[in-house]
Structure formats: structure tokens, C-alpha cells
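Remarks on the overall topology
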Amino acid sequence: MPSNKKIIILRHGGGRLANQLWNYIGVFTYCLERGYKLENYSFYKYADFFDLSKPKSSLIKFLFYGSLIKHDQYRFRDPYEKFTRLVEHFFKNRLVKSDKTFYLPPTTNSDWKQSEEIKKVEKNSKTIFFEGWLFRNPVGLKKYQNEIRKHFQPIIEIRQKVDEVISSAKKQYKHIIGVHIRQGDYKVWEGGQYYFPPKEVVNILKDYLQYSQKDPRQTVFLIASDGEIDQGIFQGLNTIICHGNQVEDLWTLSRTDMVIGSNSTYGPLAAYLGNIPVAIFNKPKMNWEVSDTKEFNYGNECTMVHW
């Protein structure tokens, strides 16, 4: 039955689009399970790219959704920072934090303290504040996958733009494979162990063609990255370089036949939203068997999502 309780995601704890969305989805499925209302104050930077309802409060809209905030004019964030600190101070007994992976119902939480914490705030509070980026709900991902994919669609303008890209590709090729190459911080983070330069990716894609027995002439790779891509490196392969924003490229990847990409939250999210398989870059060789399905493979090898 519907409840009069409300969950508010106050802070997402850092991270870009995919990190925020995995967290958002985890809390969203928890609210579906419980019949709670959900508002995400922290999603202000990307909210206009999605068909998501915004908070009704004029104050919250000003603090969290004003144009100055969304465009990263940090000097204008003081009101927002002060507001969230006040909430944290005066509503400690209503605040749930995820400084480590926090599993929400319907997923069973093996951490007794976390399980008791959520039961306590549910019992005593009508409004509960969530803070952190590691709220997860693997059972909810499967149980409410249709609701999630419908709810987290981008706005019609983005969908139409992506439709044009995919339709054009389908006129020329039989197989459309999404590729996500994380560059940027991955070149140095953790000693660069998760970074695969484009030249290495070329070999991975050729290996995929050999494994899948797909005709290279009928296959195109749609490549999305957070850095510049030299298309000449992929000579001998049919490629289309994505030049959209984070949301556009995410949706473009979700519309392909499968995603091959970096061990990050971005590629697997695109694959989940599109209900297609994902294969994670790996050394010394790829485990292509994980992609032998037409649907999203929950058992994929991405560690960054924190399943």
C-alpha cells in the first residue's frame, strides 16, 4: 500500500552521472518496494536531461536546481551547502549514510548495523534523508527493471537525437556495438591499472570480431569516451565516434547490441538501461562468454558498480 513516508537523497557523495544514477536507482527501487515517495535533491546537475519530476518546494528548486548551481558556479553553492549542513545537524536521527556499500530492501543486508539502522528510521520518521553514493539494490534491479528503464529515460530531444544516430547506423550495418573508453583520470588512478589506451582497444575489438564470427564489413563500433579519440587508430574497423554530452552518449550506447568497455560505472549502466550484455576490458584476455546473451548480464565483471 502507498505510504506517507518520503525519502530525500540529500547528497550523492561525489561522482559523475553514472555513479549518481546507480545510487539513485538503488534508492528508487527501495521506494518502489516500500511504497515511499522519493525526491533527489542532489541530482540537480543532470536533472534537466531526464524526464524526472523535480521537488515542488520553491526553496529547494532555488537551492538545488537554479541555473547557477547546475552550471558549476561554485561560489553560488553556499546556500545549498548551508542547507544540507543544517539538515544533517537537526535531523541526525533521520539521516542514513552510505560510507560503504549499503544494501536496501528488497535486497537482504548482511550488515546487521545497516539493517537495524534502516528499520529504525523507517519506524520513527516520516521523512528520511539519504547521504552517500553506495546505496545498492541488486535484487531491486531485477525485480523492477521495467520500471527503472521507463523512469530513467532522457528527455525527448535526446531520444530523438540518438534515434537518428542509431537509425543511420542500422541502414549501413547489421551489427552495432557500443564501446566505452574511459580516459581522463584512469590514466593515473590506481597506477593506471584500469586504463586501456585506444591502441589496445583496437586489438580487443578485433578479438571480439574473431570470437563472435561477425562480419567486420557488417559491424560498426560506436565509440564514446571522456577524452579525444583519434579515429585513425581504428583503421580497418568501421567506427562512429560519439560527440554528445554524458547523457546523450549513455543513451546512444544503450541502444546498441552490446557494450564493450572500461571497468567503470558508465558502460554497465548503459547496458542495463538498454537491457543488453556488457563485456569489461580485461587483461591478459577478454572473457567474451559473459556476453553470450541478448539481455543484460548481471554476472558481468565490472567491479566499479559495487553490486
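Please refer to the structure higher up on the page.
What this report covers is the structure whose coordinates are included nearby. (Residues numbered from 1 in each chain as written. Predicted model: local features only at pLDDT ≥ 70, side-chain atom pairs only at ≥ 80, totals over all residues. Heavy atoms only, no water.)

1. Side note on the packing of aromatic side chains
Heads up, the rule is: Aromatic rings from Phe, Tyr and Trp, taking only the six-membered ring of Trp, are treated as a pair when their centres fall within 6.5 Å; an angle between ring planes under 30 degrees marks them as stacked, one over 60 as edge-to-face, and anything in between as tilted. Only protein chains enter the accessibility calculation, which uses a 1.4 Å probe; a residue whose area is less than 20% of its type maximum is buried, one above 50% is exposed, and one in between is partly exposed.
Counted under the stated rule, the structure contains 22 aromatic pairs. The interplanar angle of 85° and the centroid separation of 5.6 Å between the aromatic rings of Y30 and Y36 together place this pair among those described as edge-to-face. This pair shows no difference in class: Y30 is buried, exactly as Y36 is. Pairing F130 with F135 gives two aromatic rings, centres 4.6 Å apart and planes at 35°, and the pair type is tilted. Per residue, the accessibility class of F130 equals that of F135, and both read buried.

2. Observations concerning the sheet that holds strand β5 (residues 127–132)
Which entries qualify depends on this criterion: Paired strands are those between which DSSP finds at least two bridges. A run of DSSP states H or I qualifies as a helix once it reaches four residues; a run of E qualifies as a strand once it reaches two. Both are numbered from the N-terminal end. Whenever a helix is involved, its axis is fitted only over the stretch in contact; in every case the axis is a line through C-alpha atoms, and angles between N-to-C directions fall within 0 to 180 degrees.
Spatially, the four strands line up as an open sheet ordered β2-β1-β5-β3, and their pairing is parallel. Each edge of the sheet is formed by a strand with only one pairing partner; in this case those strands are β2 (37–40) and β3 (95–98). Averaged over all pairs of adjacent strands, the angle between strand axes in this sheet comes to 20°, irrespective of strand direction. Of the pairings in the sheet, the one linking β3 to β5 comprises four bridges and is parallel in character. Residue pairing in the sheet places V96 in a bridge with F130 of β5.

3. Details of the packing of helix α8 (residues 156–172) against helix α10 (residues 246–254)
The test is simple: Roughly parallel means an angle under 35 degrees; roughly antiparallel, over 145; roughly perpendicular, 65 to 115; everything else is oblique. Here is the rule for handedness: rotate from the far helix to the near one, and if that takes an anticlockwise turn smaller than a right angle the crossing is left-handed, while a clockwise turn gives right-handed. The criterion used for residue contact is that any of the two residues' heavy atoms lie within 4.5 Å.
Where α8 meets α10, the closest approach of the two axes is 9 Å, and the angle between their N-to-C directions is 50°. Between α8 and α10, the interaxial angle falls into the category oblique. Crossing of α8 against α10: the hand is right-handed. Of the residues in α10, those in contact with I158, R159, K161, V162, V165 and I166 of α8 are V247, E248, W251 and T252.

4. What to know about the sheet that holds strand β9 (residues 238–241)
Taken together, the five strands give an open sheet; going across it, the order is β9-β8-β7-β10-β11, and neighbouring strands pair in parallel fashion. Of all strands in the sheet, those bounded by a partner on one side alone are β9 and β11 (278–280). The mean angle between the axes of side-by-side strands here comes to 25°, regardless of whether they run parallel or antiparallel. Together, β7 (175–181), β8 (219–225) and β10 (258–261) form the strand contacts of α10, whose direction differs from that of β8 by roughly 155°.

5. Notes on the packing of helix α1 (residues 17–34) against helix α11 (residues 266–274)
Which entries qualify depends on this criterion: In the scheme used here, Gly and all other residues not listed as nonpolar or charged are polar, with Ala, Val, Leu, Ile, Met, Phe, Trp, Tyr, Cys and Pro taken as nonpolar and Asp, Glu, Lys and Arg as charged.
Viewed as axis vectors pointing N to C, α1 and α11 meet at an angle of 50°, and their least axial separation amounts to 9 Å. Accordingly, the angle class assigned to the pair α1 and α11 is oblique. Here α1 and α11 pass one another in a crossing that is left-handed. Contacts between α1 and α11 involve L17, A18, L21, W22 and I25 from the first element and Y266, P268, L269 and Y272 from the second. A breakdown of the residues in the contact of α1 with α11 according to their chemical character gives nine nonpolar, no polar and no charged.

6. Some words on the environment of N203
Tracing the backbone shows N203 in helix α9 (residues 198–212). Here N203 falls in the exposed class, since its relative accessible area comes to 52%. Along the primary structure N203 and P105 are separated by 98 residues, whereas in three dimensions their C-alpha atoms are 42 Å apart.

7. Re the pattern of salt bridges
Rules: Definition used for salt bridges: Asp or Glu carboxyl oxygen within 4 Å of a side-chain nitrogen of Lys or Arg.
Summed over all chains, the structure comprises 16 salt bridges. Put simply, R16 and D226 hold a salt bridge, and the shortest N to O gap is 3.7 Å. Taken together, the residues span a long stretch of sequence, with R16 in the loop between β1 (6–11) and α1 and D226 in the loop between β8 and β9 at a distance of 210 residues. Looking at D226, the relative accessible area reads 35%, which means it is partly exposed. Ionic pairing is found between R182 and D185, a salt bridge with its closest N-O pair at 3.1 Å. For R182, a relative accessible area of 14% corresponds to the buried category.

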